[in-house]
Structure formats: structure tokens, C-alpha cells
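# Overview (structure and organization)
For reference, the chains in residue letters:
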Amino acid sequence: MSSVPPSSAPVGELAGRRVLVTGAAGLIGAGIARCAARAGAHVVGHHRGPGAPPTVDGVASWVAGDLRAPEGPTRVLADAIAQVGSVDVLVNNAGIQPVAALEDVDADAFDAMFDVHVRAAHLLTRGLARHRREQGGGGVVVNIASIEGHEPAPGHGHYAAAKSALRMYTRAAAQEFGPQGLRVVAVSPGLIARDGIEEAWPDGVARYRAAAPLGTLGTAQDVGEAVVFLASERARWVTGAELVVDGGVRTRPTW
Ligand SMILES: NC(=O)c1ccc[n+]([C@@H]2O[C@H](COP(=O)([O-])OP(=O)(O)OC[C@H]3O[C@@H](n4cnc5c(N)ncnc54)[C@H](OP(=O)(O)O)[C@@H]3O)[C@@H](O)[C@H]2O)c1
């Protein structure tokens, strides 16, 4: 893993905020947790469990649960609230990214995709909206979507469809929950570097670098910094919006 440069976010920007990050043990979730903690937040990390929680820099405490389980998302939020008293910011980050031709995507594979990316995001968002109403309003939901929610990649049709649904869900939830003071936004990352990706997928990495005007893959910190900004008071008039964090790859013509 490359070393992480210091955050440029104003120190303490999320001071006093309790931030629940789903999938916090994964690549991007851990990056979000680190950035939010450096901005002063108390980060509650979510992991799938069962078993002991992982160790992730910046995560102050953990909740566990399978987000595909019928009551999974509801219980995860309830456990986080029980643990820290209140949740101010929810980051719907957990996700799966299997590669399969649509021809091979059966009902189970399709449901697995939509359960974690869309159903869980909805149940957690709805739960947070109810919780924030009890707290007198406010709060922020940040949904981690993807540039593939704009343009599908081969072998990722069900993923692209789920991320596109999450983007639209973000706008719908912003519209319905805005009057109570809850903001709902999305971050859509491009290709994010992870250990071994150069060896595992050299042509994909090379194509991304060639296509992205900034010439590199992103890092988990790049996503984390965008989340911190959107969760902060600096973004207090931003809702229903999507921040694309992709090194500019979507500036390219697609034909
Ligand atoms: N990496 C990229 O280039 C990229 C680009 C654009 C968007 N994204 C999005 O960013 C988010 C994070 O991706 P990532 O690359 O960090 O993936 P990752 O390293 O695989 O982490 C995903 C996390 O989600 C958890 N998770 C998945 N299904 C779950 C379930 N049913 N219940 C509970 N936890 C579950 C995983 O837990 P387990 O380890 O137990 O499975 C893991 O901790 C995803 O929504 C992804 O679609 C990623």
C-alpha cells in the first residue's frame, strides 16, 4: 500500500460527528474511515462478521452484520446508535464487484448485487432519516456509487445497473428527506488502486491511465476526502448531488 499523504481537510471539520461507514474493513471503507477520523469524527466501522472486528486506522468502534440479511441493515444502524448514542453521518460504502456476463447472472446473483448496493442503502437511509427526526433533524448520507453507474463496463452489467439505481436513489432520498434537514449525496469513484491490481489486471490499469487526463488511478484517500467534504458543513447546501472522483476519465468521448 502506498503511503498516505496528510489530509488537507481543515482539522476538526467533523469534530463531534459520529460517522457510520459500512464495509469499513475494505479498501475504500478504510480510506473513508481514516479521513473522517483525521477530520475529528468518531468513526463506527461496520464489518460483515461474525468474528472479531478487523483493525483499521481511524475506526473507534465496530458493529457487525450481513447487509443482505432480512433485518441486517436495520440492526447494524440500531447497534451503532446504541453504541455511540447517535449517528450523524452514514456512508453506504459496502459492496461487491463480481464480474459476470449478463447471460450468466441468475436470480441469486442479481439479488445479491441489488441487495447490498440498493436495498441495504435504502434501509439504512430510511433508518437514519427516522433517527435524525427523533434527534431534531440534520444528518448526512453519502452513497458510494461508481462511474460505472454512468457507463457500463463489459462483464459488469448487473453492477452498473445497481450503481445507476443507487445514483437515482440518492436524488429521490435527497428530495424526500431534505425537508427534515437530512442531506443525501453520492460519490462516484473511478478505478481505485489496490495492492496487486497492476499484476492482476495490467491492461485495465494501463487503459485507465491512458484515458484519465490526470494519468493515474485514484486512491482510497481520494474518495475519503470527497466524503469528508460532503459530510462537512462546507457542503451544507449540497444535496441530491454526485461528486465524481475519477481523475477525469469521464471527460473522454465514449464513442
Ligand atoms: N475499488 C474501486 O475501484 C471502486 C470504484 C468505484 C466504486 N467502488 C465502490 O466502492 C465501495 C467499496 O469498494 P472496495 O473496492 O473498497 O471493495 P472491498 O475492498 O471489497 O470492500 C467492500 C466491503 O464491503 C463489505 N461487504 C460486501 N457485501 C457485504 C454484505 N452483504 N454485508 C456486509 N458487508 C459486506 C465487504 O465485506 P467482506 O470483506 O466480508 O466481503 C468489504 O468489507 C463499493 O460499493 C464499490 O462498488 C469501488
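Located above this text is the structure these notes cover.
Residues numbered from 1 in each chain as written. Predicted model: local features only at pLDDT ≥ 70, side-chain atom pairs only at ≥ 80, totals over all residues. Heavy atoms only, no water.

Moving on, we get to the site of the ligand. Near the ligand lie 27 residues; those nearest to it are Ile28, Arg48, Asn93, Tyr159 and Arg194. Contacts to the ligand include Asn93, whose backbone N or O atom sits 2.8 Å from an oxygen atom. The fraction of the free accessible surface of the ligand (890 Å²) that becomes covered by protein chains is 83%. Elements supplying a minimum of two residues to the shell around the ligand: α1 (27–38), α3 (107–134) and α4 (157–177). Residues of the shell around the ligand, tallied by class, amount to twelve nonpolar, ten polar and five charged. (Near = heavy atom within 4 Å. Polar contact = N/O pair within 3.5 Å; in protein donor to acceptor, adjacent residues only side chain to side chain. Areas by Shrake-Rupley, 256 points an atom, 1.4 Å probe, with all protein chains shown as cover. Helix = DSSP H or I, 4+ residues; strand = E, 2+ residues; numbered from the N terminus. Nonpolar A, V, L, I, M, F, W, Y, C, P; charged D, E, K, R; others polar.)

Most of strand β5 (residues 140–144) sits inside the fold, with five of its five residues counted as buried. Burial of β5 is two-sided: the residues Val140, Val142 and Ile144 facing one way and the residues Val141 and Asn143 facing the other way are all buried. Bridge count for strand β4 (residues 89–92) against β5 is four bridges, and the pairing is parallel. Looking at the pairing, Asn92 lines up with Asn143 of β5. Strand direction decides the pairing type here: β5 and strand β6 (residues 183–189), joined by five bridges, are parallel. By the bridge assignment for β6, Val142 is matched with Val185. With respect to chirality, the unit in which β5 leads through α4 into the neighbouring parallel β6 is right-handed. (Buried < 20%, exposed > 50% of the residue type's maximum accessible area, 1.4 Å probe, protein only. Pairing = 2+ DSSP bridges. Right-handed = clockwise from strand over helix to strand, strands pointing away.)

Here the structure, examined in full by the defined rule, presents nine salt bridges. Glu151 is paired through a salt bridge with Arg250; the nearest N and O atoms lie 3.0 Å apart. Taken together, the residues span a long stretch of sequence, with Glu151 in the loop between β5 and α4 and Arg250 in the segment after β7 (242–245) at a distance of 99 residues. Judged by relative accessible area, Glu151 falls into the partly exposed class, the value being 30%. (Salt bridge = Lys/Arg side-chain N within 4 Å of Asp/Glu carboxyl O.)

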